[in-house]
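# Descriptive analysis of the structure
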Amino acid sequence: MTGASPATCLVVDDSRTVRKAARRILEKLGFTVAEAGDGAEAMAACRAAMPQVILLDWNMPVMDGITFLRHARAEFGPDRPTIVLCTTEAAMDRIVEALGAGAQEYIMKPFDEELLRDKFQQAGLLQDRAA
C-alpha cells in the first residue's frame, strides 16, 4: 500500500485573486488546496479538516491573520499545522511578531512560484521530486 495522500494547504486571504493565484501554484506543486476568506473561516476549516500547511494573509476583515495565528496555536498546538504568513507587512517588528506568535515562515507579497516553492522547501513541506 503506497498511496500517500497528497499534501493539503489552506489558503487564507480576503482577496479572491490572491487565493486563485496561490491555488494555481500550490496545485502545480502537488498540494490539494482549500480556501478561506478570513481567519474565522480558516478556524472553521481547520476544525473540519486540519490542513498540513496554511498560507495566511495578515490583513483581513472579521479575523486578521495574526489573531488567527494566535487562536490556532492555542487550540491546535505549536507545530500543527505549519503556518506560512504571506503579507505586505515588511517591518521587522511585524515579522518578529508573526514568528513569535507561531508562524514557521514569512513571505512577502507579491509572491511567485519560485518564492513559494523555496519557502515550502525550507519549511520541509516539499520533497525533492527529482528522484
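Residues numbered from 1 in each chain as written. Predicted model: local features only at pLDDT ≥ 70, side-chain atom pairs only at ≥ 80, totals over all residues. Heavy atoms only, no water.

### Digging into the side chain of Arg19
Within the element layout of this structure, Arg19 appears in helix α1 (residues 16-28). With near-sequence residues (within four places) excluded, Arg19 lies in contact with Val11, Asp13, Asp14, Glu35, Ala36 and Gly37. (Helix = DSSP H or I, 4+ residues; strand = E, 2+ residues; numbered from the N terminus. Contact = heavy atoms within 4.5 Å.)

### Observations concerning the pairing of strand β3 (residues 53-56)
Successive side chains on a regular strand alternate, one facing one side of the sheet and the next facing the other. Residues Val53 and Leu55 of β3 are buried on one face, and the alternating residues Ile54 and Leu56, pointing to the opposite face, are buried as well. Bridge count for strand β1 (residues 8-12) against β3 is four bridges, and the pairing is parallel. Looking across to β3, one finds that Leu10 is bridged to Ile54. Sheet analysis places β3 next to strand β4 (residues 82-87), joined by four bridges and oriented parallel. Across the sheet, Val53 pairs through a bridge with Thr82, a residue of β4. For the crossover from β3 across helix α3 (residues 65-76) to β4, the handedness is right-handed. (Buried < 20%, exposed > 50% of the residue type's maximum accessible area, 1.4 Å probe, protein only. Pairing = 2+ DSSP bridges. Right-handed = clockwise from strand over helix to strand, strands pointing away.)

### Here we look at the confidence of the model for the chain
For residues with low pLDDT, the predicted coordinates do not support detailed interpretation. Within the chain, residue pLDDT values average 89, and 92% of them lie at 70 or more. Per-element confidence in the chain ranges from a low mean pLDDT of 89 for strand β5 (residues 105-108) to a high of 97 for strand β2 (residues 32-36). (pLDDT = per-residue confidence, 0-100.)

### Things to note about the packing of aromatic side chains
In total, this model carries one aromatic pair according to the counting rule given. Taking 5.4 Å as the distance between ring centres and 90° as the angle between the ring planes, the aromatic pair formed by Phe31 and Phe120 counts as edge-to-face. Of the two residues, Phe31 sits in the loop between α1 and β2 while Phe120 sits in helix α5 (residues 113-122), which places them 89 residues apart along the sequence. With respect to class, Phe31 is no different from Phe120; both count as buried. (Phe/Tyr/Trp six-rings, centres within 6.5 Å; stacked < 30°, edge-to-face > 60°.)

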